[in-house]
Amino acid sequence: MDSELILKGVYFAYDSQWCLEGIDFELQKGEILGMIGPNGSGKSTLLKIIDGLLKIDKGEIFLLNKPLSSYKRGDIARRIAMVPQESTFRFPFSVSEVVLMGRFPHLGLFPFERKEDLEIAQQSMDLTGTLDLATRSIYELSGGEKQRVLIARALTQRAQIILLDEPTSFLDIRHKVDIFELISSLARAQGLSVIIVSHDISLAAQYCHRMVLLNKGSVFKTGEPAEVITADNISTVYQCPVLVDKNPISKTPRVTILSKNHYSATKSPRHK
């Protein structure tokens, strides 16, 4: 497989304190890469760096075999689309207006949508099941609907890489699955490369081809879900006892958090 994105020895500091240290990994074409780790481990910061919003202090990043630093901001936006964890809108834009915002990197000096831009936005809404919401205000949407609209906006950028920062936060179980299903189907159908930050470890394991486990600003483990999501790895990084077994249907790793009583019971002689 071809690498769309390569990070080599990436370091980044906030106020002279290292936030990321020696980050190495690759994103392959058509791959869904899950990024997990505790709060404060550097996941969101790393997405901002990949999106060109923050500049690294040391290391190298290559986007489509060229240094990321050689791209102008607009060039990055035509290749990488970000779906942030939180998106606030100061005005009650309609869904179609929000989705059309994804065409901004392609408009050039005259910020007026062409017929082509409208068609691309419509296609993106159709793919994400948001076409029937086109005239609704973004303020009127449920959490799941809003996430689909933001993904439609990202698709409208026509970028090869999509970054998603905790897209299932605050969603119920059904909508969490819906979002992962949507991302998976888009990656297959469009050949998109995806990095998804998630705290839903078991769910991410069902849909991600590979995973990166971050701990205190460094890569703790990279590999296929079964290699990364082990009881030892998760317990060490998250500092809590867990049981990791296989989902009976998907056969992917499944994480169960253990209470102190349950953890003690698993260590008793009769459980050995």
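See the structure printed just above.
Here we summarise the structure given alongside this text. (Residues numbered from 1 in each chain as written. Predicted model: local features only at pLDDT ≥ 70, side-chain atom pairs only at ≥ 80, totals over all residues. Heavy atoms only, no water.)

1. Points about the packing of helix H5 (residues 143–156) against helix H6 (residues 173–190)
Interaxial distance between H5 and H6 falls to 10 Å at its minimum, and their mutual angle equals 15°. Considering their axes alone, H5 and H6 lie roughly parallel with respect to each other. Here the hand of the crossing between H5 and H6 comes out right-handed. Here Gly 144, Gln 147, Arg 148, Ile 151 and Leu 155 of H5 come into contact with H6, specifically with His 175, Asp 178, Ile 179, Leu 182, Ile 183 and Leu 186. Residue composition of the contact of H5 with H6, grouped by class: six nonpolar, three polar and two charged. (Axes fitted to C-alpha atoms, helices over the stretch in contact; angles between N-to-C directions. Helix = DSSP H or I, 4+ residues; strand = E, 2+ residues; numbered from the N terminus. Parallel < 35°, antiparallel > 145°, perpendicular 65-115°, else oblique. Left-handed = near helix turned anticlockwise from the far one by under 90°. Contact = heavy atoms within 4.5 Å. Nonpolar A, V, L, I, M, F, W, Y, C, P; charged D, E, K, R; others polar.)

2. As for the sheet that holds strand S3 (residues 32–36)
Paired through their backbone hydrogen bonds, the strands of a sheet run either parallel or antiparallel. The mixed open sheet is built from six strands, whose spatial order is S6-S7-S8-S3-S9-S10. Either end of the sheet is taken by a strand with one partner, and the two such strands are strand S6 (80–83) and strand S10 (218–223). For this sheet, the mean angle separating the axes of adjacent strands, direction not counted, is 15°. Taken together, the four bridges between S3 and strand S8 (residues 193–197) define a ladder with parallel strand orientation. Note on S8: the bridge partner recorded for Met 35 is Val 197. Together, S3, strand S9 (210–215) and S10 form the strand contacts of helix H9 (residues 231–238), whose direction differs from that of S9 by roughly 35°. (Pairing = 2+ DSSP bridges.)

3. As for the pairing of S8
Taken across its five residues, S8 has five buried, putting it largely inside the fold. Note: strand S7 (residues 161–165) against S8, five bridges, orientation parallel. Directly across from Leu 163, in S8, lies its bridge partner Ile 195. As for the winding sense of the linkage, the β-α-β connection from S7 through H6 to S8 is right-handed. (Buried < 20%, exposed > 50% of the residue type's maximum accessible area, 1.4 Å probe, protein only. Right-handed = clockwise from strand over helix to strand, strands pointing away.)

From the geometry alone we can't say anything about function, so treat these as descriptive.
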